[in-house]
Amino acid sequence: MGAAGTPSTSERRFPDGFYWGVATSSYQIEGAWDEDGKGPSIWDTYAHDPGNIKNDDSGDVANDHYHRYAEDVAMIKDVGANAYRFSIAWPRIFPDGVGKPNSKGLDFYERLVDAMLAAGIEPFATLYHWDLPQALQDRYDGWRSKETSKAFADYVGYVAHQLGDRVKHYFTINEFRSFVEGGYQVVDVKVGGKTIQLGGAPAMRLTDAELKQVRHHAVLGHGLAVEAIRASAPSGTKVGFAENIRVAVPIIDEPEHVKAAEAATRERNAGFMTVMLEGHYTDEYLAEAGGGSPTFTDDELKTIASPLDFVGINVYRPGWYVEASDDRPGYREIPINASHPHMLSSWHVLDAEVMYWAARQMQSIWDAKSIFITENGCATSDVVADDGRIHDTDRVMFMRAYLGQLQRATSEGVPVDGYFHWSAQDNFEWVDGYGNRFGLIYVDFETLERTPKLSAGWFREAARRNAVV
Ligand code: GBH
């Protein structure tokens, strides 16, 4: 508002109809890991193996969202969100990965979706946020086999058929890159004389060539799932993916560097984003020294690139800085300086401009017509102050800066239709357990009491005004 209480001309508004959302995932908040007929997932197995997760935390209880979902939906409404991105746990629906569905598992998501709709919150369902049924790991080595891609499509078709009258937006798979690279090629790093294992479930150690085949099965699973949704959900149902694209940020905003950054982003996402949006692997990707080529057919490539209704990207940090180069391939990567500021997590290099370039490149490289920011957020060192409040000023700074860059993109005509903040509430963070707090809502993991943080108030006001505030 301007000084006189009228909207100021400099108000940084988003387009009408913009979705203001918050996001979570099943394993990270639900708990109830073996209730109502749910089968174990690879994350249950991984977390139950001592030493894998900090403090040997697990998602067994997590936020107990499975039982407290009604309170949680009310709080999502209260932070002003009009959309909620949640994920469905495959082993709740198919405890054995395939075969006979477990109706009690589906019932939970029906109750959850009904609560959202009653509160005026649009449900956006993610169908895979890494909690693969353990049975498919045991039977097929998970995504090493095409059988898992096919089983995924069967599960997705069933869910879309059952929920299709109420859930109109689906994301197939969350962060291909994270679960493939992190799960199938764990690496050991030495920290102060101790060896720690970096990665997550199912903690396999594949060669580069084997990894390429896993990537292929993951994007194939996505494509088959898109086809399954088209076949079994009502027409008008919309589907896309939610990928953590790695974004090359031009070091100077001038055409030659902007073009160089686009080339770098396209090449460095060849195994995921590029093949899903273009329907072929780049020559460079196939020729990579020592990496081998995935085995694939032309039909599979067609499936992988099934037309989508929107693209979803998780945006946290710049991938690289890039400048134009006269040498092949036409760009040069600039390493991120050791003193570059970061958020609480050391991986979380801070540069809000990545939000602008990520959205803009989806349009300039791939001509995307509808873009969702499926995740953006940060961990901060939140504590409850004496006055009972949580003063997460750094999260407010982070959101204002990143949303400011997103608004810059929409004001230039980049078609971004919504933003989901990661996360609705503090939750179980993969590998780090309950130490890393990403929520707009604080969770006391002793009592499971929820308290909105300062940032929740910022989000509510931004959503109400549909603008950066
Ligand atoms: C997302 O991952 C996940 O979708 C979500 O479940 C998670 O809770 C959230 O973000 C916060 O972590 O290779 O240097 O980047 C974000 C991307 C990718 C961040 C793997 C941590 C490991 C270190 N993650 N990354 S680095």
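The residue count restarts for each chain, going from 1 along the sequence in the order it is written. Since the coordinates come from a predicted model, pLDDT governs what is reported: local features require at least 70, and pairs of side-chain atoms require 80 or more to be given and counted, while whole-chain, interface and lining totals use all residues. Think of the side-chain values as coming from all heavy atoms in the structure, minus any hydrogens and water.

**Q** Provide a residue-level description of the overall build of the protein chain, including the pertinent values.
**A** Helix and strand counts for the protein chain stand at 16 helices and 17 strands. In terms of overall size, the protein chain behaves like a compact globule, its C-alpha atoms giving a radius of gyration of 21 Å where 469 residues would be expected to give roughly 23 Å. Projected onto its principal axes, the C-alpha coordinates of the protein chain cover approximately 65 × 60 × 55 Å. Only heavy atoms matter for contacts: two residues are in contact if any of them lie within 4.5 Å across the pair. A separation threshold of at least 6 residues defines the contact pool for the protein chain, and within that pool the share at least 24 residues apart is 76%. Method for areas: the Shrake-Rupley scheme with a 1.4 Å probe, in which residue coverage is limited to the protein chains shown. With an accessible surface of roughly 18200 Å², the protein chain has 50% of that area assigned to carbon and sulfur atoms. Side-chain charges of the protein chain comprise 45 positive and 68 negative groups, with the mean position of each set lying 2 Å from the other. Here a helix means four or more residues in a row that DSSP labels H or I, a strand means two or more in a row labelled E, and each is numbered from the N terminus. Here the radius of gyration uses the C-alpha set of atoms, whereas the globule reference equals 2.2 Å times the residue count to the power 0.38. In this count, Lys and Arg are taken as positive residues and Asp and Glu as negative ones, while His and the chain termini are left out. To locate a charge, take NZ of a lysine, CZ of an arginine, CG of an aspartate or CD of a glutamate.

**Q** Which residues make up the pairing of strand E13 (residues 371-375), and what values do they have?
**A** Three labels apply to residues, based on accessible area from a 1.4 Å probe with only protein chains included: buried if under 20% of the type maximum, exposed if over 50%, partly exposed otherwise in between. Here E13 lies mainly inside the structure; 5 of its 5 residues are buried. Pairs of strands are assigned from DSSP output, requiring at least two bridges between the strands. Pairing of strand E10 (residues 311-314) with E13 involves 4 bridges; the strand directions are parallel. When the bridges of E13 are listed, Gly312 appears paired with Phe372. Of the pairings in the sheet, the one linking E13 to strand E14 (residues 416-422) comprises 3 bridges and is parallel in character. Bridging across to E14, Phe372 finds its partner in Gly418. Looking down the strands as they point away from the viewer, one classifies a crossover as right-handed if the path from the first strand across the helix to the second runs clockwise. Traced from E13 through helix H15 (residues 393-411) to E14, the parallel crossover comes out right-handed.

**Q** Residue-level account of the sheet that holds strand E4 (residues 122-128), with values.
**A** Pairing is parallel around the closed barrel formed by 8 strands, whose spatial order is E2-E3-E4-E5-E8-E10-E13-E14. Adjacent strand axes in the sheet meet at a mean angle of 25°, parallel and antiparallel pairs treated alike. Across 3 bridges, the pairing between strand E2 (residues 19-23) and strand E3 (residues 83-87) is parallel. For Val22, the partnering residue across the bridge sits in E3 and is Tyr84. Axis angles are defined between N-to-C directions and span 0 to 180 degrees, where every axis is a line fitted to C-alpha atoms and, for a helix, only to the segment in contact.

**Q** So, the sheet that holds strand E9 (residues 248-250): which residues are in play, and what are the values?
**A** Pairing between sheet strands relies on hydrogen bonds along the backbone, with the strands arranged either parallel or antiparallel. In space, the 3 strands of this open sheet follow the order E9-E11-E12, with mixed pairing throughout. Each edge of the sheet is formed by a strand with only one pairing partner; in this case those strands are E9 and strand E12 (331-334). On average, adjacent strands in this sheet sit at an angle of 45° to one another, irrespective of strand direction. Sitting on the sheet, helix H10 (residues 255-268) is in contact with E9, strand E11 (320-324) and E12, with an inclination near 130° to E11.

**Q** Account for unusual backbone geometry, naming residues and giving values.
**A** Between Ala201 and Pro202 the backbone carries a cis peptide bond, its omega angle lying at 5°. The peptide bond linking Trp422 to Ser423 adopts the cis configuration, its omega dihedral lying at 15°. Within the secondary structure layout, Ser423 lies in the loop between E14 and strand E15 (441-443).

**Q** An account of the side chain of Thr24 is requested, with residue identities and associated values reported.
**A** Within the secondary structure, Thr24 is located in the loop between E2 and helix H1 (26-29). Classification of Thr24 by relative accessible area gives buried; the value is 2%. In protein, a polar contact means a hydrogen-donor-capable atom and an acceptor-capable atom, both N or O and within 3.5 Å, with residues adjacent in sequence counting only if both atoms are side-chain atoms; elsewhere, any N or O pair within 3.5 Å suffices. Side chain to side chain, Thr24 and Tyr84 meet in a polar contact 2.6 Å long.

**Q** Provide a residue-level description of the pattern of salt bridges, including the pertinent values.
**A** Definition used for salt bridges: Asp or Glu carboxyl oxygen within 4 Å of a side-chain nitrogen of Lys or Arg. In this structure the tally under the stated criterion is 33 salt bridges. Arg144 serves as the salt-bridge partner of Glu210, at 3.5 Å between the closest nitrogen and oxygen. Here Glu210, found in helix H9 (residues 208-232), pairs with Arg144, found in the loop between helix H6 (134-140) and helix H7 (146-163); they are 66 residues apart in sequence, far enough to count as distant. Relative accessible area serves as the criterion here: at 29%, Glu210 is assigned to the partly exposed category. You can call Arg144 partly exposed: its relative accessible area is 32%. Two residues, Arg465 and Glu461, come together in a salt bridge whose shortest N-O distance is 3.5 Å. On the criterion of helical spacing, the pair formed by Arg465 and Glu461 is a turn pair, its members being 4 residues apart in helix H16 (residues 454-465). Arg465 gets classed as buried once you look at its relative accessible area, which sits at 17%. Given a relative accessible area of 26%, Glu461 falls into the partly exposed group. Residues joined by salt bridges that share partners form a network here, namely Asp382, Asp392, Arg395, Asp426, Arg437 and Lys453.

As far as function goes, none of this settles anything; it's purely spatial.
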